[in-house]
Structures are given as structure tokens and as C-alpha cells.
There are 2 protein chains.
Amino acid sequence: MGAPPGYRPSAWVHLLHQLPRADFQLRPVPSGFAPQEQEYQQALLLVAALAGLGLGLSLIFIAVYLIRFCCCRPPEPPGAKSPPPGGGCVTWSCIAALLVGCAGIGIGFYGNSETSDGVSQLSSALLHANHTLSAIDHLVLETVERLGEAVRTELTSLEEVLAQRTELVAAARGARQQAEAVTQQLQGLAFWRGVPLSPLQVAEDVSFVEEYRWLAYVLLLLLELLVCLFTLLGLAKQSKWLVIVMAVMSLLVLVLSWGSMGLEAATAVGLSDFCSSPDTYILNLTEEETGLDSDILNYYFLCNQAVSNPFQQRLTLSQRALANIHSQLQGLEREAVPQFPDAQKPLLSLEETLNVTEGNFHQLVALLHCRGLHKDYGAALRGLCEDALEGLLLLLLFSLLSAGALATALCSLPRAWALFPPSDDYDDTDDDDPFNPQESKRFVQWQSSI
Amino acid sequence: MGAPPGYRPSAWVHLLHQLPRADFQLRPVPSGFAPQEQEYQQALLLVAALAGLGLGLSLIFIAVYLIRFCCCRPPEPPGAKSPPPGGGCVTWSCIAALLVGCAGIGIGFYGNSETSDGVSQLSSALLHANHTLSAIDHLVLETVERLGEAVRTELTSLEEVLAQRTELVAAARGARQQAEAVTQQLQGLAFWRGVPLSPLQVAEDVSFVEEYRWLAYVLLLLLELLVCLFTLLGLAKQSKWLVIVMAVMSLLVLVLSWGSMGLEAATAVGLSDFCSSPDTYILNLTEEETGLDSDILNYYFLCNQAVSNPFQQRLTLSQRALANIHSQLQGLEREAVPQFPDAQKPLLSLEETLNVTEGNFHQLVALLHCRGLHKDYGAALRGLCEDALEGLLLLLLFSLLSAGALATALCSLPRAWALFPPSDDYDDTDDDDPFNPQESKRFVQWQSSI
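Residues numbered from 1 in each chain as written. Chains lettered and ligands numbered in written order. Predicted model: local features only at pLDDT ≥ 70, side-chain atom pairs only at ≥ 80, totals over all residues. Heavy atoms only, no water.

## Some words on the overall build of chain A
When you go through chain A residue by residue, the secondary structure sums to 12 helices and zero strands. Counted from the first residue to the last, chain A has its helices and strands arranged as α-α-α-α-α-α-α-α-α-α-α-α. Of all 450 residues assigned to chain A, the portion counted as buried reaches 48%. For chain A, long-range pairs separated by at least 24 residues make up 82% of all intrachain contacts whose partners lie at least 6 apart in sequence. Summing over all exposed atoms, chain A offers an accessible surface of approximately 21,800 Å²; the carbon and sulfur share of this is 63%. (Helix = DSSP H or I, 4+ residues; strand = E, 2+ residues; numbered from the N terminus. Buried < 20%, exposed > 50% of the residue type's maximum accessible area, 1.4 Å probe, protein only. Contact = heavy atoms within 4.5 Å. Areas by Shrake-Rupley, 256 points an atom, 1.4 Å probe, with all protein chains shown as cover.)

As C-alpha cells, then:
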């Protein structure tokens, strides 16, 4: 029974990973994750540039539409003051577009929180891994110090007590040698000591960046929500200046939406390449950053039955040495204590130290086993490649919906605006009822009464 | 260094836990989680009954409002056919209520997915714990079988080869005794064997219930969304039959909302009591269900430095016995192989078995350590008490918003309906523009032209 099933690339990862990539000369680029290579960087930039192209096209479309609307209006029949037909349709399409934008904002809030969840899962896994690594260091240090102290004090006084009988002194010397061997073996187990890469630092950096990303999206979402609501208010109250201000704001948010869409698309594509086979990349990167042996890294990152525990030898040797110390101490207790009662105190103290060391040793075996650290690795990958990627795709959907909705609104707003009554007395009418044709009836009654 | 910081009750848990509870005689009930006690059950039922009270009050309020509206209308001045004043206000308030309902539905979807996330975290933690427990069983079984096989075949053939020299046979017998001691100690480590409680079964049950809960909420949310959208459509198209059908549906959804609110409130209160100090309850429950020693359960559920490893003694004894077997085999290799070359093959095979057993032993130490299982326990608690509780509170907010919105809509709908034109020719007008008073102008122009 190996480790429980860990991370598996999701369908989204496969789908995004299979999209074709090209560099600036439009030559195909392999979709393996290689952020240091220029072609790959160019492929991601090209994905982001697609959003720029979309922005340009939608701006051109809006401009052409509005120019055509302003300059190529069909000549009105003289004397007919009725508004152009289809006015209701224009306003309704504007409202529908803004409602789609609002639904997109809801999706955006959900996606933003999902991404944030995924990244916080990543950083909590890093924190947990850091805890395990520092616990190994701490435990090794504590055990080595405790053993060294026992060797310096109790074993020395034991040797002094037993100085008269050389074979007992030899047994004590044997225990000393075994204890020194254990110390040496244990020190080799603190594999993360002096490694320049700190998971804690990485987790803090990730959280820092994520905090600002989250805040930026919340601000963008709130801005778009305000634009949608105030545009609706402007339409409802037929306030020309509000509609004009909101049209300008819509243009700004449209640019921001396309910009965020470019970033999201490039990140999602890069993330899918990373997530389709993360092990190799992470292994190479960690080997470069930490300078650790590849068998240690393989053990923790793969953690299957094909990879043997690189600490097995050291653990077995320490275990045997500890058992030897125990049998030597037992022999001494049997032989020496009846003759030298003074030997009892250091012997009991040594046995207690041995018990504590054996307990620490078991804890160390548990900490060093790949299970715990590999589970953190799996949790980090799941956070990044499942939750964060899903959130990113939802944010992409939000950007797409809001870009479409804002472009439609920008096309419709000036037409709806043109339908507003030209005089000021219709501005800020408070009691307009959207669904009440009684309004017109009342008007007729008022007309016929005068 | 103990386990990393695990589950801590959140602020919501503290807040809900501090609410006063009372039984049916309104005597105060302590807020410790005790689902088997009648007073506590009564307290939870009383919380759920509060929602029933709310439903009753809101139904009475709606009924009184509508009766007052129908029967106590101010007498219209004769000849004046204008609608009662404030008609626009009524329709607008109905629309605003429905929009609040839609926002509530968005919150409901988010809460439902959050609850589902929390519960799936709980069941994946249970699955992981099940994997660890069955891995311990499996590993113990495998190791014991392998050792038994080695004792039966290799050690027996070794004893036969060495039969001429009794002191070597005695060493082989010693190794056999130690191997049997290891077997015995290891068998005591498979503590979950024969335990009637299966985390896998619990996880499957939890997932099964959660699947239906999730589906029921999605259906409720979709029903309410449809009611909101069709009511808006009915208002926009001034379709009387649609408004009537939707008013009846609103009444149904209002009842469902209050019902779900009662369930959510009782569950949230009960969950907060459980989550404020889960250890004691879970410890007692698991002790009852499994019949395991309390020191084993304490070790896994608390996993701090105050609780010692209950397997420490067995592990140390096994470790010492393994080291003794190793030194006896080494002695035999030194002494016997030069004289009896036939002894080499079983000795090498025995040493290999010993190496594998030591590897398995280290894996077993890692699996038995409280770290892994306690981490699963923490993840399960976090899933239930953080994500699921938060989701439940969001669902509560949804129920509250939708109950308020539907009650307002139910009060406003008949008033808005009364404002609809009485004849059929206004039904299904397609081109009504909510924000276009040009409609009335056009009407006036048409009037003056005839």
C-alpha cells in the first residue's frame, strides 16, 4: 500500500494543455511548461495579445457603429416628431446587456474567492511542509544534544565508577562508541539544514501577491457593479449626464476587462502546462534551488513503491546502535550494580535518556517518511491546479461576459440617450413606472380635460 | 515540536454557541453538544420552531395586508378613472423585492457550494484516515507473514545445516525466538483490525446524504429563480394569469424558504455546539463505537506532547528484537559460513527478509504516528466547522432574504395587478419600454391627430 491517490490533472488542465501554442513568428511551440525559454514566453504573450486584439476589434466595432448611428441616420419625415422605431428594443437590449454584466459580476466574485481558496490551500500546504522540515531539524538537534550530554556526564561518571574492572569499562566504552555512531547517523538525517530555500518564505510571498490580486479583482468587480447599477439608474431616471458619465466609465471598464482577460488567459494556459505534469519541473527547480540529492527529492515528490527511502540505511544503523546500547546497559546493570552500587544512578539516567531517544527516533522516522510531505505536495498541487485554475476560468468567463455586455451597452447607450426627451422637465422624474401604461392613459385624460 | 496548529473554533462558532437555548418549558438548557439528551433535542426543535413562528407571522401579516387592501379601499371619487396614487411605487417595490430575492439566490448558490465543499473535505479526510488504517493492517499482515515464512523455511533449513554444532543451533534458535517475539509485538499494532466502525462507510454515508441535500437546495434555488424571473416577466408583460400563478408559486416558495430556514438554524446551532469543543464528544462516541482503549484514541485525537505514544513499548521491543536478530545473523555468518557453506544461502535470504522487515517497520512507525491521522481529524473538523458552517450561514441568509423578498412581493403583487388595465387588449403588449415616456407622447400625438 503506497501513498493514497494524490493529485491528478483535471479535464480543464487537459483541455487547455491541448490548445496549440505559437511564438511571435507563428511557429508551433511545444506545450511543456518551460517559463525560462523564450519561445514559451512568446507563446504566452501571444495568448495575452489575443485579448488586446479583441479589445481593438470591439473598440473599432463600437466606433463604427456609433459613427454610422450619428452620421447616417435616415432623414426624418418633416413634421413627424415621433422617435425612431425600435426605441424600446434599444433600451431593453441595453438593460439585458447590463443584467448579463451583473450575472458576470456574480460569477467573477465566485471565481475570485475560488482562486483565493486555491492559493491559500497552496500556502497552507507550504506552511505545513515547513513545519515538518523544521520539526525534523529541531528533533535531530534535540536528540543529538541529549545524547551528547549523556555521553559527557553519565557515561563518564560510570566509567570512573567502574574504573577497577576493565571489562566493564570496555562495555561502557562500547556504549559510548554506539552513542557517538547514533549521533553521527542522526545528524545526517537533518537534510534540510542549511538549505537556502524556505517554504515559509515562499508561502509568505505567495500570500502577499495573492492578497493584492484578490483586492484588485474585488475593486474591478465593484467598479463594474457600480457602473452597471448607475447606468440602469441613469436609464430609469433618464438622466443624460449620468448616462454620459457611465458611458465613459463603461469604456474604461471595457479596457480593464479585456486587459484582465489577457492576463487570465495567459496564466490559465501556463498553469495548465504546469499542471499537466508538475513533477519533473518541480523536481528540477527544487534540485537547483536546494542542491539536495535527487534521490531525496524523488522520494518526497513521487513517494511510490518504486522509490526507496534514502534514509533507510541511516535509520536502520541508528536503530541497531540504539538496541546495542540498550543491551550493553542491561549487561552493565546485571554485572556492575551488585558490585558498584554507585553505578546505579548513572545507569538509570542513561536508560531514561535511551528511552527518550528511542521515542524521538520513532517520531523522526514518522516525520522523515514521505507520506506527510508528499501529502502536502499533493494538497499544494490540488489547490493550484484545481481550485485556483477553476477560479481563473470563472474569472475568464466574467471578463468575457462583462466585455460583451459593456460593448453592447456602449453601442446601445447613445441610442437610448437619443430617445430621452430633449427638455429638462423630464429629467429626474421620480414616479415613472416601468410597466404602467396607465401613465399614458392619465396623460390622455389630462389632455382631453384641457 | 508537536503537531502543527490544527482546528480552532471560528468566531461564528463562538457567536452561535453563546446564544441562549431553552427546552419546551422554556427552562434554560446548557449549550454543550448532547444530541442524545431530550432537553437538548427540545432546544434544537425550539430553534426550528422559531422559523415556523416566523412563517405564521408573515402569513398573517400578508393576509391582513391583502384583506385591508381588498376590503378597506378608500372610495374612489365618482367619474375619476385614474388609478390610485403610488401605483408606480408599488410596482417598483415589487421589482426591488424580486431583485433582492435574486441577490439572495446568488448568495444561496454560493452557500450551497461552500457547504458541499466543507462536507466533501470531511469525507475525503475520512477516506484518507481509512486508507491509513487499512495500510497499517495490511503492512502488519504482510510483515508477519513474511517473517513467519522465513522462520518456517530458512531458519529451519539453517538449523538442519548447523545441526552438528549445538552452540550455532542455539544462536539460530535465539533468532527464531526473537522473530516470534517481533511477530507477536507487530500483531498488537494492528489496532483497527476487527473494529466495527469503518471510516469508509461513514464517508460514503455522509457523501450520500450530502448529494441529496445539495440537489434539494439547487432545486429550491432554481425554483425561486424561476418564480422571480417569471414574476418580473409577468409584471413587464402585464399578464394577469402569469402574475396570479406566480403569486401562488411565491406562497409555496415562501413556505419552503421558512422551512429550510428552520432546518438551517437548528443545524447551525447544533453544529456550533459540536464545533466549540468537538474532542470530548468525538472521543466518547468513538470509544463507544469501536471499543478501543482510551489511550489510543486520546493519542490520535489530541496528538500533543502530553499524550505519549501507546505503541511506544511495542515499537521499542520490536526494534530491539530486530536488532538482536541482526546481530545473531551476523554472528552466524562469521562463525558458521566458513565451516558450513550450505548455510550461506538461507543466511543471505534471512538477512534480506530482515532488511525488508526493517523497512516495513519504519513505514509502520510512520503510519502509527499520530501526525497523519490527527491531520485528517483536523481537516475533517475544518471542513465541517469552517466551510460547511459558513455555507450553512450563507444559506440561512439566503432563506432570510428570500422570505423577506417573497413576503414583500406577495403584498405588492395584488396591488400591482390591480393597476393592470382591465381589458384584454393590453395583455401581451410586446413593445412596452420601461423607461420611455415617449410612449405617452406618442399616444398624445395619436390622440390629437384623430
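## Looking at the state of the cysteines
Residue and element names in this part refer to chain A. In the structure shown here, the tally under the stated rule is four disulfides over all chains. Here C275 engages in a disulfide with C385; their sulfurs sit 1.9 Å apart. Here the disulfide of C275 and C385 is left-handed, its torsion about the S-S bond being about -80°. With a gap of 110 residues between them, C275 in helix α6 (residues 240–276) and C385 in helix α11 (residues 370–419) connect regions that are remote in the sequence. Residue C275 shares its accessibility class with C385, and that shared class is buried. Here the bonded cysteines of chain A are numbered in sequence order, and their pairing is 1-4, 2-3. For C70, which is in no disulfide, the shortest distance to another cysteine sulfur is to C71 and amounts to 5.7 Å. (Disulfide = S-S within 2.5 Å.)

## Notes on the UniProt feature "transmembrane region" (unreviewed entry) in chain A
Residues and elements named next belong to chain A. If you check UniProt for "transmembrane region" (unreviewed entry), the listed places come out as residues 43–67, 88–110, 214–235, 242–261 and 392–413 in our numbering. Within residues 43–67, the helical portion is 100% and the strand portion 0%, while the C-alpha atoms at the span's ends are 36 Å from each other. Secondary structure across residues 242–261 comprises 100% helix and 0% strand; the distance between its end C-alpha atoms is 27 Å. (UniProt positions renumbered as here; feature names shortened; annotations may be inferred.)

## Overview of the environment of A265 of chain A
All names here are of chain A. As for its position among the elements, A265 is in helix α6. In this structure the C-alpha to C-alpha distance between A265 and C72, which are 193 residues apart in sequence, comes to 38 Å. Setting aside anything within four residues of it in sequence, one finds A265 in contact with V47 and L396.

## Considering the pattern of salt bridges
Per the stated rule, a full pass over the model turns up 22 salt bridges over all chains. Ionic pairing is found between D376 of chain B and K375 of chain A, a salt bridge with its closest N-O pair at 2.6 Å. One end of the pair, D376 of chain B, is in helix α11 (residues 370–419); the other, K375 of chain A, is in helix α11, on a second chain. D376 of chain B gets classed as buried once you look at its relative accessible area, which sits at 2%. Here R21 of chain B makes a salt bridge to D273 of chain B, at a shortest N to O gap of 2.7 Å. One end of the pair, R21 of chain B, is in the loop between α1 (11–17) and α2 (38–71); the other, D273 of chain B, is in helix α6 (residues 240–276), and 252 residues separate them in sequence. Through salt bridges with shared partners, one network takes in E159, R173 and R176 of chain A. (Salt bridge = Lys/Arg side-chain N within 4 Å of Asp/Glu carboxyl O.)

## Some remarks on unusual backbone geometry
All names here are of chain A. For L26, which is not glycine, the phi torsion reads 65° and is therefore positive. Within the fold, L26 resides in the loop between α1 (11–17) and α2 (38–71). Owing to a relative accessible area of 62%, L26 belongs among the exposed residues under this scheme.

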